[in-house]
Amino acid sequence: MVEAWYMDESAEDQRAPHRLWPNRAVSLEELRRLGVVYRKLDADNYETDPCLKEIRRAENYSWMDIITIHKDKLPNYEEKIKTFYEEHLHLDDEIRYILDGSGYFDVRDKDDKWIRISMEKGDMITLPAGIYHRFTLDESNYIKAMRLFVGEPVWTPYNRPADDLPARKQYMKFLAEEAQ
């Protein structure tokens with residue numbers, strides 16, 4: 001099961017857990033109120049998994065690829081790791097399904113505080129368009145993930161500040177409605 005918590009403000013290695021002390025856990029319901037959707041799937045059988053097939057059909061995820069993030073597997077590894085950890089948003093949902101390894105997605109809550117979401121094999125996450133977020137490996141330095149898209153993939157990150165983009169405005173409207 002996925003685990004999430006509020007992060008400390010430490011500048012130490014981004015791959016460290018960065019838990020507050022005492023820990024301040026974040027529930028799946030709290031993540032849902034931020035628009036973050038979590039699912040647990042059978043990563044050992046992802047090629048034939050009927051649950052994944054149904055999710056792809058229902059959500060219209062017509063395009064997918066698999067990325068392995070490890071120094072021996074990803075060209076321009078150091079540069080990519082830095083790029084992934086820059087706070088940014090996308091104009092479309094970001095969908096990642098962890099097939100092996102582990103890492104962290106960090107998202108901003110409604111008060112602009114960082115929440116760290118620990119992802120491991122079998123975890124699928126959907127980050128809504130317009131949410132500020134970032135990604136890093138954990139101390140294992142390895143993850144293999146399926147990236148899913150509706151239609152052709154768009155890889156463009158919009159680094160913060162990007163508050164004038166329609167996706168951000170729509171996301172802020174969603175948060176305001178959730179708060180009511």
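Notes on the structure follow. Throughout this description, residue numbers start from 1 for each chain and increase along the sequence as written. Where local features are concerned, this predicted model is filtered to residues with pLDDT of at least 70; where side-chain atom pairs are given and counted, the filter is 80 or more; whole-chain, interface and lining totals use all residues. With hydrogens and water set aside, each side-chain value is computed from the structure's full complement of heavy atoms.

To continue, consider the overall build of the protein. For the protein, the helix and strand inventory stands at four helices and eleven strands. Here the C-alpha atoms of the protein give a radius of gyration of 16 Å, agreeing with the 16 Å that 2.2 N^0.38 yields for 180 residues. For the protein, the spread of C-alpha atoms along the three principal axes comes to 40 × 35 × 30 Å. The buried label goes to any residue with under 20% of its type's maximum accessible area, the exposed label to any with over 50%, and the partly exposed label to all in between, with areas taken from a 1.4 Å probe on protein chains only. Taking all 180 residues of the protein together, 45% fall into the buried category. Throughout, a contact is declared for two residues whenever any of their heavy atoms are within 4.5 Å. In the protein, the proportion of contacts linking residues at least 24 apart, taken out of those at least 6 apart, comes to 74%. The Shrake-Rupley method, run with a 1.4 Å probe sphere, supplies the accessible areas, and residue values consider only the shown protein chains as cover. Per element, the accessible surface of the protein, about 10,100 Å² overall, is 49% carbon and sulfur. A run of H or I in DSSP becomes a helix once it reaches four residues, and a run of E becomes a strand once it reaches two; helices and strands are each numbered from the N terminus. What the globule rule says is 2.2 Å times the number of residues to the power 0.38, and the radius of gyration is computed from C-alpha atoms.

So, about the pattern of salt bridges. The rule for a salt bridge is simple: a side-chain nitrogen of Lys or Arg has to be within 4 Å of a carboxyl oxygen of Asp or Glu. One pass over the structure, following the stated rule, counts 20 salt bridges. We note a salt bridge from Lys110 to Asp111, for which the minimum N-O separation is 3.3 Å. Classification of Asp111 as exposed rests on a relative accessible area of 52%. Connected through salt bridges with shared partners, the residues Glu29, Arg32, Arg33 and Glu178 form a single ionic network.

This paragraph deals with the packing of aromatic side chains. Two rings from Phe, Tyr or Trp (for Trp, the six-membered ring) form a pair when their centres sit within 6.5 Å of each other. Planes less than 30 degrees apart are called stacked, planes more than 60 degrees apart edge-to-face, and all others tilted. All chains considered together, the criterion is met by seven aromatic pairs. Ring centres of Trp63 and Trp155 lie 5.9 Å apart, and the angle between their planes is 80°; on these two criteria the pair is classed as edge-to-face. Pair noted here: Trp63 is in strand S4 (residues 63-69) and Trp155 is in the loop between strand S10 (143-149) and strand S11 (158-159), with a separation of 92 residues, a long-range link. Since its relative accessible area comes to 39%, Trp155 is described here as partly exposed. Note on Phe84 and Phe135: the rings are 6.3 Å apart at their centroids and 70° apart in plane angle, and the pair reads as edge-to-face.

On to the environment of Ala129, then. Mapped onto the secondary structure, Ala129 falls in the loop between strand S8 (123-127) and strand S9 (133-137). The buried category is assigned to Ala129, whose relative accessible area is 18%. Separated by 39 residues in sequence, Ala129 and Arg168 have C-alpha atoms that sit 7.3 Å apart. Look past the residues within four positions of Ala129 in its chain and what remains in contact with it is His90, Leu91, Asp92, Asp93, Ala167 and Tyr171.

This part is about unusual backbone geometry. For the bond running from Trp21 to Pro22, omega is 0°, close enough to zero to count as cis. Along the chain, the position of Pro22 falls in the loop between strand S1 (3-6) and strand S2 (25-26). Cis geometry is found at the peptide bond from Arg160 to Pro161, where omega equals 5°. Positive phi, close to 70°, is recorded for Asp112, a residue that is not glycine. The topology assignment puts Asp112 in the loop between strand S6 (94-108) and strand S7 (114-120).

Before going further, it helps to examine the side chain of Arg108. Within the secondary structure layout, Arg108 lies in strand S6. Exposure remark for Arg108: the relative accessible area of 16% places this residue in the buried category. Of note is the side chain of Arg108, whose polar atom sits 2.5 Å from the backbone oxygen of Asp112. Among all residues touching Arg108, those that are not within four sequence positions of it are Leu34, Glu87, Lys113, Trp114, Ile131, Tyr132 and Arg160. Here a polar contact is recorded for every N or O atom pair within 3.5 Å, except that within protein the pair must consist of a potential hydrogen donor and a potential acceptor, and residues adjacent in sequence are included only if both atoms are side-chain atoms.

Read these as geometric descriptors, not functional statements.
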